Amino acid sequence: MLEKASFFRAVTEAAALPKNIAEVIFCGRSNVGKSSAINALCSQKNLARTSKTPGRTRTINVYDVSVGRWIIDLPGYGFARVSPKEKELWRKMIESCIAERKSKKTVYIIVDAFVGPTDLDHDMAYWLQKNGIPFKIIANKCDKIPQVNMPEVKNKIAEHFEIDVKNVFAVSARNKKGIDGLRADLEKFLNGS
């Protein structure tokens, strides 16, 4: 299903997006690998633009998986070489996309498995909980951890965010470890299972 994903639209205001059936939203700090994870999930090298420069994603980027079912890539929060004014615009863009759209949705917060969750990741998780928005965690870049033990990574992250371990996915977008399990979870949600 995800292999057929295609770029749909880039907008700066969530209100510009039409209604849909379901959406999976990817958020995380700048340069954590949101776009790379989308490319790995969809088995497409250049579906989502990637860059080593933090803050490359500056719009709400929507990918059509099937009619009315989307993956949404949001700008990163935190470090990026942009003005404070632009960061504030991004914050409003992110919050409106997540909280104001009435679609069936789930949010995946992507954290860097090597660096670990940041204060900004905690703030996002807290904000989602406060607004009653379901979320899961993706621990990306597991390939950077020597002799990584995926179950151990998942348990530590779950404990850190005080969530069920089944809602944590340890992956590497680079070498595709853990991607199949994450893909199955996304497809299950998008299909309404």
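What you are looking at is a predicted structure, and each value in this text was computed from that prediction instead of being measured.

Caption draft 1: The sheet that holds strand β2 (residues 22–28), seen in detail. Spatially, 7 strands are ordered β1-β3-β4-β2-β5-β6-β7 in an open sheet, and the strand pairing comes out mixed. Looking at strand neighbours, the two that pair on one side only are β1 (6–11) and β7 (168–170), the edges of this open sheet. Going from strand to strand, the sheet's axes swing by 25 degrees on average, the running direction of each strand aside. Of the strand pairs in this sheet, strand β6 (residues 135–140) and β7 are connected by 3 bridges, and their pairing is parallel. Paired with Ile 138 across the bridge in β7 is Phe 169. Most of the contacts of helix α1 (residues 34–41) go to β2, to which it runs at about 140 degrees, and overall it touches β2, β3 (60–66), β4 (69–73) and β5 (104–112). Its contacts with the sheet put helix α5 (residues 179–190) on β2, β3, β4, β5, β6 and β7, and the angle it makes with β2 is roughly 140 degrees.

Caption draft 2: Examining unusual backbone geometry more closely. Here the phi dihedral of Asn 31 falls at roughly 70 degrees; this positive angle occurs in a residue that is not glycine. In this structure, Asn 31 sits in the loop between β2 and α1. Taking the relative accessible area as the measure of exposure, Asn 31 reaches 32% and is therefore partly exposed. In the Ramachandran plot, Glu 162 falls in the positive-phi region, its phi being about 55 degrees despite a non-glycine side chain. The residue Glu 162 is located in the loop between α4 (150–161) and β7 in this model. We classify Glu 162 as exposed; its relative accessible area is 73%.

Caption draft 3: Structural view of the pattern of salt bridges. Under the counting rule described, the total for this entry stands at 8 salt bridges. Here Lys 136 makes a salt bridge to Asp 185, at a shortest N to O gap of 2.9 Å. Remark: Asp 185 occurs in helix α5 and Lys 136 occurs in strand β6; sequence separation between them is 49 residues. Put simply, Glu 3, Asp 180 and Arg 183 are held in one network by salt bridges that share partners.

Caption draft 4: α1, seen in detail. Of all the 8 residues making up α1, 7 are buried; the element is thus mostly covered by neighbouring parts of the structure. Elements that come into contact with the buried residues of α1 comprise β2, β3, β4, β5 and α5.

What counts as what
- Residues numbered from 1 in each chain as written.
- Predicted model: local features only at pLDDT ≥ 70, side-chain atom pairs only at ≥ 80, totals over all residues.
- Heavy atoms only, no water.
- Pairing = 2+ DSSP bridges.
- Helix = DSSP H or I, 4+ residues; strand = E, 2+ residues; numbered from the N terminus.
- Axes fitted to C-alpha atoms, helices over the stretch in contact; angles between N-to-C directions.
- Contact = heavy atoms within 4.5 Å.
- Buried < 20%, exposed > 50% of the residue type's maximum accessible area, 1.4 Å probe, protein only.
- Salt bridge = Lys/Arg side-chain N within 4 Å of Asp/Glu carboxyl O.

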